[in-house]
Amino acid sequence: MSSPILISLDAMGGDHGPSVVVPGVRDYRQRHGGEGVRFILHGDETAIRAEMARAGLTEDLCIVRHTDKVVAMDEKPAQAMRRGKGSSLWNAIEAVKSGEAGAVVSAGNTGALMAISKLLLRMSVPGLDRPAIVASWPTPKGVTAVLDVGANIESDAAQLVEFAIMGEAFMTAVHGVAKPTIGILNVGSEDVKGHEEVREAARLLREGGFGLDYFGFVEGTDIAKGTVDVVVTDGFTGNIALKTAEGVAKFIASLMKEALTSSLLSKLGALLAMSALKRMSQKIDPNAINGGPLLGLNGIVVKSHGGATAGGFGSAIRVAVELARSDYMEKVGANLQRLTALLETPIVNSADEPAGESIQ
């Protein structure tokens with residue numbers, strides 16, 4: 001039997017609030033069982049209980065904690081930290097800080113979620129600056145974890161190694177990959193390519209003794225191929241890559257819809273291929289792999305898409321449960337301590353090390 005666990009939910013977060021969050025709990029239980037998992041729902045009690053009645057969820061499963069305060073989706077992080085105390089988002093995170101809950105899930109304001117999480121939970125290891133957001137990218141082999149996808153605009157070599165450590169532990173805990181391979185996103189696969197920070201990160205991963213399966217540099221095309229299990233990059237590049245991929249996926253989907261509805265014959269072909277088309281649609285559906293943890297915090301925080309469906313929110317809950325039940329925090333902590341010790345030892349680079357090449 002799985003160990004009992006409480007998951008804290010910001011019931012008012014996202015574009016739809018309780019009308020998605022509460023059915024999301026039901027979806028999680030229907031698809032994943034949810035044995036031993038209970039929930040604390042923070043927000044407007046009347047709205048939450050109305051949705052619980054519609055979803056057929058009982059008070060044995062869901063504890064309701066009322067608050068009238070809500071952090072708006074467009075509220076600035078600094079304002080959220082000053083004014084957010086007592087809100088559904090703040091209270092949901094505070095349940096993790098107190099140890100009452102094993103993880104928190106919110107579809108709310110990303111900047112506010114990150115800022116309040118860092119304020120209340122702190123970073124897991126001294127020296128870590130900000131959490132990293134990880135995305136699970138669909139590939140022919142399953143998924144690839146890509147981080148950071150938006151939290152850290154610039155990242156030095158040590159931060160890139162931190163992402164590798166956290167990404168490896170995430171892939172094992174959530175996606176069951178025993179020994180994930182790790183690559184650093186670069187403008188080419190050759191060792192001399194890229195700027196100084198990515199080349200130094202590569203050296204640290206090769207020589208640092210972290211026990212990670214470091215593959216080498218990978219290019220943008222390698223992400224969707226599933227060349228490696230974890231792709232490491234800074235948040236600026238990662239966010240652009242993620243948004244570009246989402247845009248291309250929507251463009252291809254619209255082209256297919258247009259092509260498959262352009263004539264009676266094409267509609268007949270679409271009908272015959274319906275099962276295959278549904279499988280493809282499920283593969284690239286953001287809701288199917290929804291749930292991006294904020295890695296590096298002293299607690300488990302999972303961000304759901306703001307516009308997620310109930311099924312998407314259920315997927316984010318699954319990620320939170322898997323992380324809470326794993327040894328993710330301990331594994332990451334041990335390797336980050338090793339990195340800290342390594343960085344305290346001065347290392348002299350070879351004088352004849354080749355300079356980084358420009359993008360060709």
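Residues numbered from 1 in each chain as written. Predicted model: local features only at pLDDT ≥ 70, side-chain atom pairs only at ≥ 80, totals over all residues. Heavy atoms only, no water.

A. Quick peek at the sheet that holds strand β8 (residues 213–218). Reading across the sheet, the 11 strands line up as β3-β2-β1-β4-β11-β10-β5-β6-β9-β7-β8 and stay open at both edges, with mixed pairing between neighbours. One side of each edge strand has no neighbouring strand; the edge strands of this open sheet are β3 (62–66) and β8. Averaged over neighbouring strand pairs, the angle between their axes works out to 25° when direction is ignored. In this structure, strand β2 (residues 37–43) lies alongside β3, joined through 5 bridges in parallel fashion. Of the residues in β3, the one forming a bridge with Gly43 is His66. (Pairing = 2+ DSSP bridges. Helix = DSSP H or I, 4+ residues; strand = E, 2+ residues; numbered from the N terminus. Axes fitted to C-alpha atoms, helices over the stretch in contact; angles between N-to-C directions.)

B. Representation of the environment of Met12 within the structure. Along the chain, the position of Met12 falls in the loop between β1 (5–10) and α1 (18–32). For Met12, a relative accessible area of 19% puts it in the buried group. Considered as a pair, Met12 and Gly43 are 31 residues apart in the sequence and their alpha carbons are 5.6 Å apart. Excluding its chain neighbours within four sequence positions, the residues that come into contact with Met12 are Gly17, Pro18, His42, Gly43, Asp44, Val70 and Ser88. (Buried < 20%, exposed > 50% of the residue type's maximum accessible area, 1.4 Å probe, protein only. Contact = heavy atoms within 4.5 Å.)

C. Quick peek at the packing of helix α4 (residues 88–97) against helix α5 (residues 110–121). As a packed pair, α4 and α5 sit with axes 10 Å apart at the nearest point and diverge in direction by 35°. Note on packing geometry: the crossing formed by α4 with α5 is right-handed. Side by side, α4 and α5 meet where Leu89, Trp90, Ile93, Glu94, Val96 and Lys97 of the first sit next to Ala112, Leu113, Ile116, Ser117, Leu119, Leu120 and Leu121 of the second. In terms of residue class, the contact of α4 with α5 is made up of 10 nonpolar, 1 polar and 2 charged. (Left-handed = near helix turned anticlockwise from the far one by under 90°. Nonpolar A, V, L, I, M, F, W, Y, C, P; charged D, E, K, R; others polar.)

D. Structural detail: the packing of aromatic side chains. Here the structure, examined in full by the defined rule, presents 1 aromatic pair. For the pair Tyr28 and Phe39, a centre-to-centre distance of 6.2 Å together with 80° between the ring planes defines the contact as edge-to-face. Linking Tyr28 in helix α1 with Phe39 in strand β2, this pair joins segments that are 11 residues apart in sequence. Grouping residues by exposure puts Tyr28 and Phe39 together as buried. (Phe/Tyr/Trp six-rings, centres within 6.5 Å; stacked < 30°, edge-to-face > 60°.)

E. Structural context of the nonpolar core. Membership of the largest hydrophobic core comes to 67 residues, with the highest contact counts inside it found for Ile7, Leu9, Phe39 and Phe170. For this core, the element with the most residues is helix α6 (residues 157–175), which contributes 12 residues. With near-sequence residues (within four places) excluded, Ile7 lies in contact with Val37, Arg38, Phe39, Ile40, Ala103, Val105, Ala320 and Val321. Among the nonpolar cores identified, the runner-up in size contains 34 residues, and Ala80, Leu120, Val228 and Val231 belong to it. (Core = buried A, V, L, I, M, F, W, Y, C linked by side-chain atoms within 4.5 Å.)

F. How the structure looks around the pairing of strand β4 (residues 103–106). Burial of the side chains of β4 extends over both faces: Ala103 and Val105 are buried on one face and Val104 and Ser106 on the other. Strand direction decides the pairing type here: β1 and β4, joined by 3 bridges, are parallel. Residue pairing for β4: Ser8 is matched across the bridge by Val104. Examined bridge by bridge, β4 and strand β11 (residues 301–303) share 3 bridges and lie parallel to one another. Within the sheet, the bridge partner assigned to Val104 lies in β11 and is Val301.

G. The arrangement of helix α9 (residues 235–260) in detail. Under the 1.5 Å per step criterion, the end-to-end length of α9 is 37 Å for 26 residues, consistent within 8% with the ideal 38 Å. Taken as a whole, α9 has its buried residues at Gly235, Gly238 and Leu242. Where α9 is buried, its residues contact β5 (132–139). With a side-chain oxygen lying 3.1 Å from the backbone nitrogen of Phe236, the N-terminal cap of α9 falls on Asp234. (Expected span 1.5 Å × (residues − 1). Polar contact = N/O pair within 3.5 Å; in protein donor to acceptor, adjacent residues only side chain to side chain.)

H. Summary view of the pattern of salt bridges. A complete count under the given rule lists 7 salt bridges for this structure. Here Glu100 ties to Arg65 by a salt bridge, and the two come within 2.6 Å at their closest N and O atoms. Of this pair, Glu100 sits in the loop between α4 and β4 while Arg65 sits in strand β3, and the two are 35 residues apart along the sequence. Given a relative accessible area of 33%, Glu100 falls into the partly exposed group. (Salt bridge = Lys/Arg side-chain N within 4 Å of Asp/Glu carboxyl O.)

I. Summary view of the side chain of Thr233. By the element assignment, Thr233 lies in the loop between β9 (230–232) and α9. Setting aside residues no more than four positions away along its own chain, Thr233 makes contact with Leu147, Asp148, Leu160, Phe163, Leu185 and Gly238.

J. Expanded view of the pairing of strand β6 (residues 142–147). In terms of burial, β6 is largely enclosed, as 5 of its 6 residues are buried. Sheet analysis places β5 next to β6, joined by 6 bridges and oriented antiparallel. When the bridges of β6 are listed, Thr139 appears paired with Gly142. In textbook terms, the turn of a hairpin is the stretch between consecutive antiparallel strands, and for β5 and β6 this stretch comprises 2 residues. For β6 and β9, the ladder comprises 3 bridges, and the chain directions are parallel. Residue Val146 lies in a different strand from β9, and its bridge partner there is Val231.

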